[in-house]
Amino acid sequence: GLEVREDVPLIAIVSRLVWQKGIDLAIPALRSILEERDVQLIALGTGEPELSQELRRLGEDFQDQARVFIMYDATLAQRIYSSADLFVMPSHYEPCGIGQMLAMRYGALPVVRETGGLADTVENYDNADAEEGTGFLFLWEEASALVNTLHWAINTYTQRPAAWKRMQRRAMQLDFSWERSATTYKRLYERVLST
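Residues numbered from 1 in each chain as written. Predicted model: local features only at pLDDT ≥ 70, side-chain atom pairs only at ≥ 80, totals over all residues. Heavy atoms only, no water.

Focus on the overall build of the protein
When helices and strands are tallied, the protein shows eight helices and six strands. Walking the protein from its N terminus toward its C terminus, one meets helices and strands in the order β-α-β-α-β-α-β-α-β-α-β-α-α-α. In summary, the protein has a C-alpha radius of gyration of 17 Å against a globular reference of 16 Å for 195 residues, a match within 12%. Along the first, second and third principal axes, the C-alpha atoms of the protein reach 65 × 40 × 30 Å. (Helix = DSSP H or I, 4+ residues; strand = E, 2+ residues; numbered from the N terminus. Rg over C-alpha atoms; globule rule 2.2 N^0.38 Å.)

Pasting the structure below:
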């Protein structure tokens, strides 16, 4: 339902709308970004009624820039992952997280809080030619930290397209499969047994 505009980044959230996922940080941060920047937002999820209502209100307040779907829809989720430029996941804690891995597979660069599985799977952008990086990380559990990181990501999208594309390619080539993990564990066990 949004106008297709290749000149502005599409920011996405596909998540359970609960405190753990940092939705309480995302909503005020995204409100600030939508007020200040020429961006688009699409959000999909269900969860805590208060957070769901706040996110719905965000979509209503920015109808020209945002679409919010308070529901579960696997097909729509896949379409969002595949069309997004940025994927927001500011979790307070995250044992593993799968959303950021799905986003990277489709070339949507994650903006995540540096915690748990998010820190394990997203490599922070080097703020240069993208010799390193698959996304953008921040540490502090504050909406302002997410706002600053989103500005950084948006500026990279608009001002450093070659670096952006390099990160997208790197992110899409990551292998989080069980085959890779099993091979790593096998090597570890073989090394332990040989000592």
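Here we look at the packing of helix H1 (residues 23-36) against helix H2 (residues 49-61)
Taken N-terminus to C-terminus, the directions of H1 and H2 make an angle of 10 degrees; their axes are 10 Å apart at the nearest point. By the criterion of interaxial angle, the relationship of H1 to H2 is roughly parallel. Touching Ile23, Asp24, Ile27, Leu30, Arg31 and Leu34 of H1 are Leu51, Glu54, Leu55, Arg57, Leu58 and Asp61, all from H2. Taken together, the residues that form the contact of H1 with H2 break down as seven nonpolar, no polar and five charged. (Axes fitted to C-alpha atoms, helices over the stretch in contact; angles between N-to-C directions. Parallel < 35°, antiparallel > 145°, perpendicular 65-115°, else oblique. Contact = heavy atoms within 4.5 Å. Nonpolar A, V, L, I, M, F, W, Y, C, P; charged D, E, K, R; others polar.)

Thoughts on the environment of Glu141
Relative to the assigned elements, Glu141 resides in the loop between strand S6 (136-138) and helix H6 (143-159). Considered as a pair, Glu141 and Glu114 are 27 residues apart in the sequence and their alpha carbons are 9.6 Å apart. Beyond its immediate sequence surroundings of up to four residues, Glu141 is in contact with Leu25, His92 and Arg113. A polar atom in the side chain of Glu141 sits 2.5 Å from the side chain of His92. (Polar contact = N/O pair within 3.5 Å; in protein donor to acceptor, adjacent residues only side chain to side chain.)

A few points about the sheet that holds S6
Across the sheet, six strands lie side by side as S3-S2-S1-S4-S5-S6; this open sheet has parallel pairing. Looking at the sheet topology across the chains shown, the edges are occupied by strand S3 (66-70) and S6. With strand direction ignored, the average angle separating the axes of adjacent strands in the sheet is 15 degrees. As defined by bridge partners, strand S1 (residues 10-17) adjoins strand S4 (residues 86-89) across two bridges and the pair is classed as parallel. Each bridged residue has a counterpart across the sheet, and for Ala12 the counterpart in S4 is Phe87. Contacting S1, strand S2 (40-47) and S3, H1 runs over the sheet at an angle of about 160 degrees to S1. (Pairing = 2+ DSSP bridges.)

Looking at the layout of surface pockets
Left-over empty space is what a probe sized like a water molecule reveals as it rolls over the atoms. By volume, the largest pocket is sized at about 490 Å³. Every residue lining the largest pocket is counted, 19 residues in all, and those nearest its centre are Met101, Thr121, Phe176, Arg180 and Ser181. Tallying contributions element by element places helix H8 (residues 178-193) first for the lining of the largest pocket, with five residues. In terms of residue class, the lining of the largest pocket is made up of 12 nonpolar, four polar and three charged. Computed from the structure, the second largest pocket encloses a volume of approximately 420 Å³. A per-element tally of the lining of the second largest pocket places helix H3 (residues 74-83) first, with four residues. The residue makeup of the lining of the second largest pocket, split by class, is nine nonpolar, three polar and six charged. (1 Å grid on protein atoms, 1.4 Å probe; cavity = no way out; pocket = protein on both sides within 12 Å on 5 of 7 lines; lining within 4 Å. Points joined across faces, edges and corners; volume = space filled by probe spheres on them.)

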